[in-house]
Amino acid sequence: PGDAAAAAALTPRVICLGHEAAVVWLGRCMLEGHAAVASLCACGHLNVWDPADGRCLSASPAPLLGGAVATAAAAYPAGGDVLLGGEATALWRVRLATMERHVAAEAEDWCVALSLSLEPPPAPPPSSSSATEAATATVATATSATTATATTAA
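To keep things clear, this report deals only with the structure shown in the data block. (Residues numbered from 1 in each chain as written. Predicted model: local features only at pLDDT ≥ 70, side-chain atom pairs only at ≥ 80, totals over all residues. Heavy atoms only, no water.)

## Brief notes about the sheet that holds strand S1 (residues 23–31)
- Taken in spatial order, the four strands line up as S1-S2-S3-S4 in an open sheet, and their pairing is antiparallel. Strands at the two margins of the open sheet, each flanked by one partner only, are S1 and strand S4 (56–59). The mean angle between the axes of side-by-side strands here comes to 25°, regardless of whether they run parallel or antiparallel.
- Here strand S2 (residues 34–41) pairs with strand S3 (residues 46–49) via four bridges, running antiparallel. Each residue of the ladder has a partner; that of Val37, found in S3, is Trp49. (Pairing = 2+ DSSP bridges. Helix = DSSP H or I, 4+ residues; strand = E, 2+ residues; numbered from the N terminus. Axes fitted to C-alpha atoms, helices over the stretch in contact; angles between N-to-C directions.)

## Here we look at the side chain of Asp50
- Along the chain, Asp50 turns up in the loop between S3 and S4.
- What makes Asp50 buried here is its relative accessible area of 16%.
- At a separation of 2.7 Å, a polar atom in the side chain of Asp50 contacts the main-chain amide nitrogen of Ala52.
- Dropping the residues within four chain positions of it, Asp50 is found in contact with Arg55 and Leu57. (Buried < 20%, exposed > 50% of the residue type's maximum accessible area, 1.4 Å probe, protein only. Polar contact = N/O pair within 3.5 Å; in protein donor to acceptor, adjacent residues only side chain to side chain. Contact = heavy atoms within 4.5 Å.)

## Thoughts on the packing of aromatic side chains
- Counted by the stated rule, this structure contains zero aromatic pairs.
- Seen from the ring of Tyr76, Arg93 lies directly overhead, with NZ or CZ sitting 3.7 Å from the centre.
- Here the guanidinium or amino end of Arg101 rests over the ring plane of Trp92, the centre of that ring lying 4.0 Å away. (Phe/Tyr/Trp six-rings, centres within 6.5 Å; stacked < 30°, edge-to-face > 60°. Lys NZ or Arg CZ within 6 Å of the ring centre and 35° of its normal.)

## Considerations on the pattern of salt bridges
- Counted under the stated rule, the structure contains four salt bridges.
- The shortest N-O distance in the salt bridge between Arg55 and Asp50 comes to 3.1 Å.
- Arg55 serves as the salt-bridge partner of Asp53, at 2.8 Å between the closest nitrogen and oxygen.
- When its relative accessible area of 46% is taken as the criterion, Arg55 is described as partly exposed.
- Several salt bridges share partner residues, and in doing so they unite Asp50, Asp53 and Arg55 into one network. (Salt bridge = Lys/Arg side-chain N within 4 Å of Asp/Glu carboxyl O.)

## Some thoughts on the nonpolar core
- Within the largest apolar cluster, 22 residues are counted, with the highest numbers of intra-cluster contacts made by Trp25, Leu46, Leu84 and Leu96.
- Contributing elements (two or more residues each) for this core: S1, S2, S3, strand S5 (70–75), strand S6 (81–86) and strand S7 (90–95).
- Filtering out sequence-adjacent residues up to four positions away, Leu46 remains in contact with Trp25, Ala38, Ser39, Leu40, Ser58, Ala59, Ser60, Leu64, Leu84, Val94, Leu96 and Met99.
- Ranked by size, the runner-up nonpolar core spans nine residues in total, among them Tyr76, Leu91, Cys111 and Leu114. (Core = buried A, V, L, I, M, F, W, Y, C linked by side-chain atoms within 4.5 Å.)

## A word on the sheet that holds strand S8 (residues 100–106)
- With antiparallel pairing, the four strands of this open sheet are ordered in space as S5-S6-S7-S8. Here the strands that pair on one side only, and so sit at the sheet edges, are S5 and S8. When the angles between neighbouring strand axes are averaged without regard to direction, this sheet yields 30°.

## Focus: the pairing of S4
- Pairing analysis gives three bridges linking S3 to S4, with the strands arranged antiparallel. The residue bridging Val48 from the neighbouring strand is Ser58, located in S4.
- From the end of S3 to the start of S4, which pair antiparallel, there are six residues, and Gly54 there has a positive phi angle of about 80°.

See the structure below:
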């Protein structure tokens, strides 16, 4: 009886299925104000999961890197966005709730690793009322490590 209880405690209770290729990144994120888990597979599909029951909450309808192999991602600490990189010379910012994407920064080489940190937003000009967010992405490539800053309207 004791061994069976120990084995049951180690049995996975939540299984996230749905990728067509190997998962290259798994990270904590926020989706509509709630904690979630995001996963990125090598073919560029991004899924968002409920960590409590394993349900898929959001999924990209198509590869997000335009056919390039995905290699790395990082969740923005302040919200529901993820930065993606791969065998392409651009970093893509993806809104998790809608899976809309746009180029966040150009890279010099393929991305093999990403790290994000938020910087304090710059003070808006006196005549401007739009808020901005600046995130510094440290991008490791096969030949170097560079820093790219993407500033977007919040």
